[in-house]
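Close look at the chain arrangement
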Amino acid sequence: MLLDDTVVAPDQVFKENLIFPILSTPWKIYLLLTIGTETVRFGTLRKALMSVSRVSVTKYLMELEKDGFLYRIEYPAPPLRTEYKLTPAGLRILPILQALTAQGNNLSDS
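In what follows, the accompanying structure is described. The written sequence of each chain sets the order in which its residues are numbered from 1. Restriction of local features to residues with pLDDT of at least 70 applies here, the model being predicted, together with a cutoff of 80 or more for giving and counting side-chain atom pairs; totals for whole chains, interfaces and linings are based on all residues. Heavy atoms from the whole structure form the basis of all side-chain values; hydrogens and water molecules are not counted.

1. Regarding helix α3 (residues 26-35)
Under the convention used in this document: Each residue's exposure class comes from its accessible area (1.4 Å probe, protein chains only) as a fraction of the maximum for that residue type: buried when under 20%, exposed when over 50%, partly exposed otherwise. Strands are runs of DSSP state E lasting at least two residues, helices are runs of H or I lasting at least four, and both sets are numbered from the N terminus onward. It is the directions from the helix axis to the C-beta atoms that the arc portrays.
All of the buried residues in α3 are Lys28, Ile29, Leu31, Leu32 and Ile35. Buried positions in α3, seen along its axis, are confined to an arc of 160° and lie on one side of it. Taken from the residues just after α3, Gly36 is the one with a positive phi, measuring 55°.

2. Focus on a nonpolar patch on the surface
Where we set the bar: Residues form patches when they are more than 30% accessible in relative terms and have no salt bridge. Like charges link within 9 Å. Nonpolar side chains (Val, Leu, Ile, Met, Phe, Trp, Tyr) link within 5 Å. Surface accessibility follows the Shrake-Rupley procedure with a 1.4 Å probe radius. Residue values consider only the protein chains on display as shielding. We define a salt bridge as a contact between a side-chain nitrogen of Lys or Arg and a carboxyl oxygen of Asp or Glu at a distance within 4 Å.
Taken together, the side chains of Leu23, Ile96 and Leu100 present a nonpolar region at the surface, about 260 Å² in accessible area. Mapped onto the secondary structure, Leu23 falls in helix α2 (residues 19-23). What makes Leu23 partly exposed here is its relative accessible area of 38%.

3. Comments concerning the packing of aromatic side chains
To be explicit about the condition: Centres within 6.5 Å are what make two rings of Phe, Tyr or Trp a pair, Trp counting through its six-membered ring; a difference in plane orientation under 30 degrees is then read as stacked, over 60 as edge-to-face, and the rest as tilted. A ring is considered to have a charge above it if a Lys NZ or an Arg CZ atom is located within 6 Å of its centre and within 35 degrees of its normal.
Enumeration over the complete set of coordinates arrives at one aromatic pair. Here Arg81 stacks its cationic end above the ring of Tyr75, 4.0 Å away from the centre of that ring.

4. Side note on the pattern of salt bridges
Evaluated as defined, the whole model comprises six salt bridges. Linking Arg41 and Glu83 is a salt bridge whose minimum nitrogen-to-oxygen distance equals 4.0 Å. Linking Arg41 in strand β1 (residues 40-41) with Glu83 in strand β3 (residues 81-86), this pair joins segments that are 42 residues apart in sequence. The class for Glu83 is buried, based on a relative accessible area of 14%. The shortest N-O distance in the salt bridge between Glu83 and Arg81 comes to 3.7 Å. Because the salt bridges share partners, they merge into one network encompassing Lys28, Lys59 and Glu63.

So, in structure tokens, the structure goes:
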């Protein structure tokens, strides 16, 4: 319920809040944390997630780009390469993800 006693269906909350889809996929969090404030090549991200298939890494990157958290930069001249960096929205969410990760590490140390 909201402050004015309006009832909102859960699907409306999730549809309008892009943080929930990120939190539902640990690999998206890991990708955002890996990119951080840098510009990172696809190959570097792929190596960081060796246990995840190339198709899945590409899918998660495309979803993050579609949701406005990543810029995808393609360089068509040889050598062909693709780089990723966080958008302003991605940079705003980064400290939150870092804090969640730190808290998770603290809980596992307990």
